[in-house]
Structure formats: structure tokens, C-alpha cells
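# Structure assessment
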Amino acid sequence: MRRTTSAVLLSILADTALSQSCPDYSSYAQQRHEPYSSGKYALSYQRPSPSCRTFNSSLIESTIANISAAIADPDLARLFENAYPNTLDTAIKWHGTAASNPAEELTFIITGDIDAMWLRDSTNQLQSYAPLLAASAASADSPLASLYRGAINLQGRYLLTAPFCNSFQAPPESGIAPAHNSAADSDRVVPGYDHSQVFECKYELDSLASFLELSASYWGATKDLDFFAGFHWISAVQAVLATAQAMTTPTYGDDGGVLRSPYTFIRDTTRATETLANDGLGSPVARGTGLVRSAFRPSDDSTIFQFLVPANMMFAGFLGKAAEIVAALEGKGKAPGGLSKEMKSFAGDIRAAITRHGVVSVAGADGGTETVYAYEVDGFGSANVMDDANIPSLLSAPLLGYLDRDDPLYRRTRERILGQNGNPYFMRGPAINAVGGPHVGPGMAWPMASIVRILTSDDDKEIADTLKDLVSTTDGLGLIHESINTFNPSRWTRQWFSWANGLFGQMIIDLHARKPEILKKSFQ
Ligand SMILES: *[C@@H]1O[C@H](CO)[C@@H](O)[C@H](O)[C@H]1NC(C)=O
Ligand SMILES: *[C@@H]1O[C@H](CO)[C@@H](O)[C@H](O)[C@H]1NC(C)=O
């Protein structure tokens, strides 16, 4: 009896300690917590206690309850419950307003275990909740809408500060000290930047596209034109355009002279993917292609050929969508005349350039040839035929606002990406089969690519098999990891990768709408 009483007392003390200082989620996410789910994988409960969550949303809670009730498999339901709210539960590090204007909201969203805000990750982290933003009545007044506006404003500030960079420090208003990125200590980057504002400065075309995507998503849900007119949004769009235009600069000029590249990057490293060839220039790119260069991929690995096709697809897709916001602002005299036309024509030129330079002929299974999208090209005729798990990927092209998932060229490309003979980074094994990439290396499959596979499939068997891979490989932790060893799922990377978790939830919500019968299956 006495023992029980002291145990209760201890647990009360532990609860009090918890609310005073919340556990570091980096370690919390590596441990199992009861109650476990009742299926054979006995998945841990991984949400922080309510007082330790970084953002509360009743809409998310009711969505989790409703969708979970429609999932028959207890382990799949647990994975959804843990994963979907992960960004709101753990990664909204600060939400406030600008020192210069109390009406300007700011949202600082960390990736998870890395204490900085990536343009790409933060967009994707919020995009998991886009279906809820659209569904909420008077959506511009909802707490989620405020998060979106804050992220768009802060991304805009970042782009006006250092438009070639990919990840950033907390804003001074937050009082959060800048994080030290030891990987960047030896970097020599042109243009230079301030480490107190920038966490890392890898120029990635999809970072620019991410700002446009988040903006287009908020616009689509709210039609909140006053917001886009109110702060620095137009200037940020102009910074995006100027940066992308600059990065159409080819390597050689008309007379053969080497042109000054607007961006160069060198790092002292033993990994080829962490620096650029030719003393920071990257491999040469041809003149007059109409494609935009990207020094790095969405994995933050360097490109082999700088015309990264999926990033160009994403940029073209969201440039076209963001042009609609600009056109609406022009109609009210709130944007420079001609800007939306310039955006649309830039997007159209990139599309034409992808069709002309981004499609290659490869050996087909039947002894003939077939055409597919290349992952990267240089405009001289060289192409890198592969896919990488990180979005934007070729596999994710239908999710980038670029093409339809029934597009025959996309279907052929997809089939090759998901096979051992068409993609050097397709990983196979008894535990999980999925696209990986050089970021973690051969043998490691990325659940993110499994999720994209489901989002781009209409085939019930493919969807169910892929879902089973996901449910069975969380190492009992009930979260989506970055990569998993295809032969041994207890070897994985990144315990706290918020984007992949949110994307998993988004995929389940999509299945709930599209194929509810699959959520009635068992994955035991
Ligand atoms: C969320 O709600 C809990 C109570 O359930 C509270 O303790 C916590 O401070 C709230 N978090 C935020 C960020 O408002
Ligand atoms: C959850 O289901 C209840 C009952 O059907 C419904 O009233 C509510 O709107 C649903 N909430 C969400 C977020 O879908």
C-alpha cells in the first residue's frame, strides 16, 4: 500500500516536472511510450503531453479522432495519430509578430531535430494541414491561417535577406539565439551572408518555389488579398524572380568566355555531394535552354547537372499559380503592372524547356527505346536518369502542380523510377522497397518516397503493399523516419523529421477521401 502511494506521488512529481520543463523531443522520439497500440507492432504513443505541445488546434484534434475512427488496423491508426500533428505538436518554435509592425505575423518552424527553418520543409510542414485550412469555415480567421500567414511573412523576410540560401535562423523578435551550424564553418559562398540570419546557404531552386507554393495554397483557401497587399509579399516575389532569372545564366558567353556565376559554393568535406565541382561553379550548363539552374537538390546534396528537372517543374507549376495572386493585386493597383504576365511567361518558357531538354530516350525492357523525364540535364545532351526520394522528385511531379498523374510520359517515368533497372536509387529488400538517394546512401529506403508512391497511385494492391511497408518499419516507435535499411528496419535515420510525418498524415486523409475501403484493411 505504501509502495503504491509513493509510486503515485512519484508520478505526480514527474508530471509536474514535465510541465515545468518539457522533454527534448529528439530523445523523447527515440524512446517508446505507453500505451502501445494493440496490433502486432505494438507502436509507441509519441505525442508530447498536451502542455508540451507547441501549437493547439481543435480542428486537428477532431480530424485525428474522425480519421482514426475510420482506420481498422490499430497500428496504422496509431501511426496516423502520432505522425499527423507532429509539426504542430513539436516544431512551431515561435509564433509572434514583427518588431516593425505588430500586424505582421511571423511563424518560426523548425524541421524537427535540426534547429532551423528551411524554406522547403516549412512549406511542406504546413501543407500537410492545407486540407484543413481549406475546410475551416471563415478560414482566414482560423489559427491555422495565422500560422500560414506568419510562415509566408517570415519566408518573405528570409528571401529579401538572402535569396540564395535554403535554411534560416529564428527571427530576432523571438529572442531565440542563432543555432551554430558546424557543417557550414568552412563554407565559402558567393554571395556572402550573415550566420546570425542564415543557418545554411545552399542554393536550391525548390526553396524559391516553396514560397510560391505556400502563398498559392493560402490564397486558394482564403482569397485573402489584403494579406498579400499588406506586407512585403510583392517584394519577396520580385526577389524570387530576380534570383531565378539570374540562375538562368549559362557557363559560357557568346564569345566562349566563362561568365560570372551569380552563385558559387565550396565546403571542406569528404562527401562529394556536399560541395560543387569546378571550384564552386558546378558542372557547365548550356546556353539558351530556358531552364533554371539549381546548385543543390531538395536533399541538400549537390546536383551533378544543374538543370534539375523536378525543381524546374515545381517552380513552373507554382510560378503560374502565384501569378494569379499577383494578377488580383494588379487589378486593385497593388502590384506593378505586367508582373503577373512576366511570371506566366517565365513559367511557360520553363515548361517548354523541360519538354525540349528534360525528356530523354532510354533502353526499354523490350529491346527498343522509350522516352522518360530525366532527373537532371546540362543542356549539352548529358542527363542523369534517376530519382531521389526528396520532394520535388520526378515521382512527385503530379503533386507539384505540373502534370496530371495519368500523363503517359509521367506513367512511363514512374514505372522506371520504381524498378531496379530504371533508377540507381531504388532500394529493395525484405523490410521495405522504396526510392532512396545519395544523401543517406545505397541500401536505405525513404518512407517519404513510399508516401508519394501512394499519393500518385490508383492501384489498390500497390497502395496496400506500400502502406504495409510503412506500418511495419517504424522500429516500434510509431513515427516516420527519414530512411530505413531495407534489410533491417531497426537501422534508420532521423528520429524527428516533422515533414515526413505530416506528409504521412496528409496521405491518410487523401486515402480517406479517395479510397476509404483501403483504410478498412488489416496490415498485420
Ligand atoms: C495547449 O493546450 C495545453 C492545455 O491542454 C496548454 O497547457 C498549452 O500551454 C497549450 N499550448 C500552447 C502553445 O498554447
Ligand atoms: C468529425 O465528425 C463529426 C461527426 O460526424 C463532425 O461533426 C465533425 O465535423 C467532424 N470533424 C472534422 C474535422 O472532420
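Residues numbered from 1 in each chain as written. Chains lettered and ligands numbered in written order. Predicted model: local features only at pLDDT ≥ 70, side-chain atom pairs only at ≥ 80, totals over all residues. Heavy atoms only, no water.

As named in an unreviewed UniProt entry, the chain is Glycoside hydrolase family 125 protein, taken from Lasiosphaeris hirsuta.

## Brief notes about the packing of helix α11 (residues 233–246) against helix α14 (residues 339–357)
As a reminder, the rule being used: Fitted lines through C-alpha atoms serve as axes, helices being fitted only where they are in contact, and the angles separating the N-to-C directions of these axes extend from 0 to 180 degrees. Only DSSP runs of H or I covering at least 4 residues are called helices, and only runs of E covering at least 2 are called strands; the numbering of each starts at the N terminus. Two helices crossing with the near one rotated counterclockwise from the far one by less than a right angle form a left-handed crossing, whereas a clockwise rotation gives a right-handed crossing. Two residues qualify as a contact provided that any one of their heavy atoms is within 4.5 Å of a heavy atom in the partner residue. Under this grouping Gly is polar, as are all residues other than the nonpolar Ala, Val, Leu, Ile, Met, Phe, Trp, Tyr, Cys and Pro and the charged Asp, Glu, Lys and Arg.
Between α11 and α14, the shortest axis-to-axis distance is 12 Å and the interhelical angle comes to 35°. When the axes of α11 and α14 are compared, the crossing they make is left-handed. Across the interface between the two elements, I234, V237, Q238, L241, A244 and Q245 from α11 touch L339, E342, M343 and F346 from α14. In terms of residue class, the contact of α11 with α14 is made up of seven nonpolar, two polar and one charged.

## Comments concerning unusual backbone geometry
Residue P191 follows V190 across a cis peptide bond; omega there is 0°. Tracing the backbone through its elements, the reader meets P191 in the loop between β5 (188–190) and β6 (198–200). Between I391 and the following residue, P392, the backbone shows a cis peptide bond with an omega angle of 10°. Along the chain, P392 turns up in the loop between β12 (383–384) and α15 (408–417). Unusually for a residue other than glycine, D475 sits at a positive phi of about 60°. Tracing the backbone through its elements, the reader meets D475 in the loop between α17 (460–471) and β16 (483–485). The backbone phi angle of R494 is positive, close to 60°, even though this residue is not glycine.

## Description of the layout of surface pockets
Which entries qualify depends on this criterion: Computed over the protein atoms alone on a 1 Å grid, cavities are sets of points where a 1.4 Å probe fits but cannot get out and pockets are open sets with protein on both sides within 12 Å along at least five of seven lines; a residue lines them when it has an atom within 4 Å of a point. Grid points are joined across faces, edges and corners, and a volume is the space filled by probe spheres set on the points.
The volume enclosed by the largest pocket comes to roughly 510 Å³. Lining the largest pocket are 21 residues, with Q127, E213, L399, L400 and Q506 positioned closest to its centre. For the lining of the largest pocket, the elements supplying multiple residues, two or more each, are α6 (119–127), α7 (130–135), α9 (205–222), α13 (309–331) and α18 (498–514). Partitioning the lining of the largest pocket into residue classes produces 13 nonpolar, five polar and three charged. Roughly 430 Å³ of volume is contained in the second largest pocket. Lining the second largest pocket are 23 residues; nearest its centre among them are I114, W118, S299, D300 and H439. Elements represented by at least two residues in the lining of the second largest pocket include exactly α6 and β6. Of the residues assigned to the lining of the second largest pocket, the class counts are eight nonpolar, five polar and ten charged.

## Regarding the site of ligand 2
Put simply, the rule is: Here a residue is considered near a molecule or strand provided that any single heavy atom belonging to it is located within 4 Å of it.
In the vicinity of ligand 2, the contacting residues are L59, S62, T63 and N66. Residue classes in the shell around ligand 2 are distributed as one nonpolar, three polar and no charged.

## Section: the nonpolar core
Stated precisely, the cut-off is as follows: Grouping buried Ala, Val, Leu, Ile, Met, Phe, Trp, Tyr and Cys residues that are joined through side-chain atoms within 4.5 Å yields what is termed a nonpolar core. Categorising residues by exposure relies on relative accessible area from a 1.4 Å probe, with only protein chains included: less than 20% of the type maximum marks a residue as buried, more than 50% marks it as exposed, and the intermediate range marks it as partly exposed.
Judged by nonpolar contacts, the single largest core of 158 residues is most densely connected at W233, Y263, F315, F504, M507 and I508. Top element by residues in this core is α13. It accounts for 13 residues. Excluding residues that lie within four positions of it along the chain, F315 makes contacts with L205, L208, A209, L212, V240, A244, F346 and I350.

## Details of the packing of aromatic side chains
Defined as follows: What counts as a ring pair is set by centres within 6.5 Å for rings of Phe, Tyr and Trp (its six-membered ring), and what kind of pair is set by the plane angle: stacked under 30 degrees, edge-to-face over 60, tilted for all other angles. Counted as over-ring charges are cases with an Arg CZ or a Lys NZ within 6 Å of the ring centre that also lie within 35 degrees of the ring normal.
Under the criterion given, the structure shown has 20 aromatic pairs. Residues Y158 and F168 carry aromatic rings whose centres are separated by 4.2 Å and whose planes lie at 10° to one another, so their mutual orientation is stacked. Here Y158, found in helix α8 (residues 143–161), pairs with F168, found in strand β4 (residues 167–168); they are ten residues apart in sequence, far enough to count as distant. The exposure class assigned to Y158 is buried, which follows from its relative accessible area of 4%. Above the ring of Y36, the side-chain terminus of R32 is found at 4.1 Å from the ring centroid.

## Regarding the packing of helix α16 (residues 447–455) against α18
Under the convention used in this document: When an angle is under 35 degrees it counts as roughly parallel; over 145 it counts as roughly antiparallel; between 65 and 115 it counts as roughly perpendicular; any other value is oblique.
Interhelical geometry of α16 versus α18 gives an angle of 20° and a closest axis separation of 10 Å. The angle between α16 and α18 falls in the class roughly parallel. As for the relative orientation of α16 and α18, their crossing is left-handed in sense. Every residue of α18 that contacts α16 at M448, I451, V452, I454 and L455 is listed here: W499, A500, L503, F504, M507, D510, L511 and R514. Looking at the contact of α16 with α18 residue by residue, the classes come out as eleven nonpolar, no polar and two charged.

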